Amino acid sequence: MFRMYLRSVLLAILSAIVGLSAAPAVADNACASDRLPDVDEIYPTADTLPDNLLRFYVYFSEPMRREAVLEHVTLRSSASGVAVEGVFFQSRYDLWSTDGLRLTLLLDPGRVKSGLDSSENLGRAFTIGDQYRLEIDRSIRAANGCTLGQDVFKAFTVERSDVDIPDMAQWRIDAPRAHTKEPLTIALNGPYDHVSLAFRVRVKTGGGQPVAGSIDLASGETEWRFTPTAPWTDSQYVIRVHPALEDIAGNRLTGLFDDPTGESRINQSQSNAYELPFWPAK
């Protein structure tokens, strides 16, 4: 009895020292179905992506644990089954949204931008024409301790580099009718970064007042839609676009992310927004 008692006392002391007394992680099989996290969406949504893609975004249904998340993420060649090494940017802090629902997977800029060390040593992460899978390991945990329970992946084919500066002159605006809540639709000249579209394109009145409404994206982030909260009037409106708006390769209205000529103005002053006026149809 005394030995058993002594053993229990020693275990208690050890637990206090190393932190074993903390509440244990929730076991996978103890998680109710309504507490299991899931992957809601992976962006870009298109099945064909350029070999100079800059980011993936993974949206989860539950806030996730932020530590060592790249241990659960793999980019794999579909043909060989071999994982692509050194593809994601290694940061001291993982790129999570404040609510823990959106993970940004930034490809190492050296695998996208020429002239950097990793570009010279490793080259592009993708081979044009090949197929790949972005895999999210089932063991990744939510903040509540529960795991996905199943692997999640996005399959895609790689095409040539996107080396075109985003061009608003090629956008096609489909204006709504006045006195309705029809969406304002913009057909873009290629796929844009969806987070950039959400924060860097705004609708204002002719007098500069923000117009309340909701944003939706379609056709592989090549179409932007804005539905107003209140009906459109028959007066002028303005689409304001921040110059830092990016496509999925990191190219901005002011220049290319990877400009071999060295003449890119991508980091120029971003104080002045671009404006596109439109009038709802009467």
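Residues numbered from 1 in each chain as written. Predicted model: local features only at pLDDT ≥ 70, side-chain atom pairs only at ≥ 80, totals over all residues. Heavy atoms only, no water.

### Things to note about the pattern of salt bridges
Piece 1. Scanning the entire structure with this criterion turns up nine salt bridges.
Piece 2. Arg252 is the partner of Glu246 in a salt bridge, and the nearest nitrogen-oxygen pair spans 3.0 Å. Here Glu246 and Arg252 have matching classes, each one buried.
Piece 3. Taken together, the salt bridges that share partners define one network made up of Arg55, Asp193, Glu246 and Arg252. (Salt bridge = Lys/Arg side-chain N within 4 Å of Asp/Glu carboxyl O. Buried < 20%, exposed > 50% of the residue type's maximum accessible area, 1.4 Å probe, protein only.)

### Looking at the layout of surface pockets
Piece 1. Taken as a whole, the largest pocket holds about 250 Å³ of empty space.
Piece 2. As for the largest pocket, its lining consists of 16 residues, and the residues nearest its centre are Asp162, Asp164, Asn189, Gly190 and Pro191.
Piece 3. Residues belonging to the lining of the largest pocket are distributed by class as follows: seven nonpolar, four polar and five charged.
Piece 4. Of the voids in this model, the second largest pocket is the one considered here, and its volume is about 180 Å³.
Piece 5. Taken together, Leu70, Val73, Thr74, Leu75, Ala83, Val84, Glu85, Gly86, Val87, Phe88 and Gln90 make up the full set of residues lining the second largest pocket.
Piece 6. Residue composition of the lining of the second largest pocket, grouped by class: seven nonpolar, three polar and one charged. (1 Å grid on protein atoms, 1.4 Å probe; cavity = no way out; pocket = protein on both sides within 12 Å on 5 of 7 lines; lining within 4 Å. Points joined across faces, edges and corners; volume = space filled by probe spheres on them. Nonpolar A, V, L, I, M, F, W, Y, C, P; charged D, E, K, R; others polar.)

### Thoughts on the sheet that holds strand β8 (residues 152-159)
Piece 1. Taken in spatial order, the four strands line up as β2-β8-β7-β4 in an open sheet, and their pairing is mixed. Each edge of the sheet is formed by a strand with only one pairing partner; in this case those strands are β2 (48-50) and β4 (73-77). Averaged over all pairs of adjacent strands, the angle between strand axes in this sheet comes to 35 degrees, irrespective of strand direction.
Piece 2. The pairing of β4 with strand β7 (residues 131-136) spans five bridges and is antiparallel. The residue of β7 that forms the bridge with Ser77 is Tyr132. (Pairing = 2+ DSSP bridges. Helix = DSSP H or I, 4+ residues; strand = E, 2+ residues; numbered from the N terminus. Axes fitted to C-alpha atoms, helices over the stretch in contact; angles between N-to-C directions.)

### Some words on the packing of aromatic side chains
Piece 1. Overall, the coordinates contain 12 aromatic pairs when judged by the stated rule.
Piece 2. Centre to centre, the rings of Tyr132 and Phe156 are 6.0 Å apart; their planes meet at 25 degrees, and the pair counts as stacked. Here Tyr132, found in strand β7, pairs with Phe156, found in strand β8; they are 24 residues apart in sequence, far enough to count as distant. Each member of the pair, Tyr132 as well as Phe156, is classed as buried.
Piece 3. A centroid spacing of 5.9 Å and a plane angle of 80 degrees characterise the contact between Trp171 and Tyr192, whose relative ring orientation is edge-to-face. Here Tyr192 lies in the loop between β10 (184-187) and α3 (194-200) and Trp171 lies in the loop between β8 and β9 (172-174), a separation of 21 residues in the sequence.
Piece 4. A residue is classified by how much of its surface remains accessible, and Trp171, at 8% relative accessible area, is buried.
Piece 5. Through a chain of ring-to-ring contacts, the aromatic side chains of Trp224, Phe226, Trp232, Tyr237 and Phe278 assemble into a single cluster.
Piece 6. Arg133 extends its terminal NZ or CZ atom over the ring of Phe153, reaching a point 3.7 Å from the ring centre. (Phe/Tyr/Trp six-rings, centres within 6.5 Å; stacked < 30°, edge-to-face > 60°. Lys NZ or Arg CZ within 6 Å of the ring centre and 35° of its normal.)

### Digging into empty space enclosed by the protein
Piece 1. Here the structure, examined in full by the defined rule, presents three cavities of 30 Å³ or more.
Piece 2. One number sums up the size of the second largest cavity: a volume of about 50 Å³.

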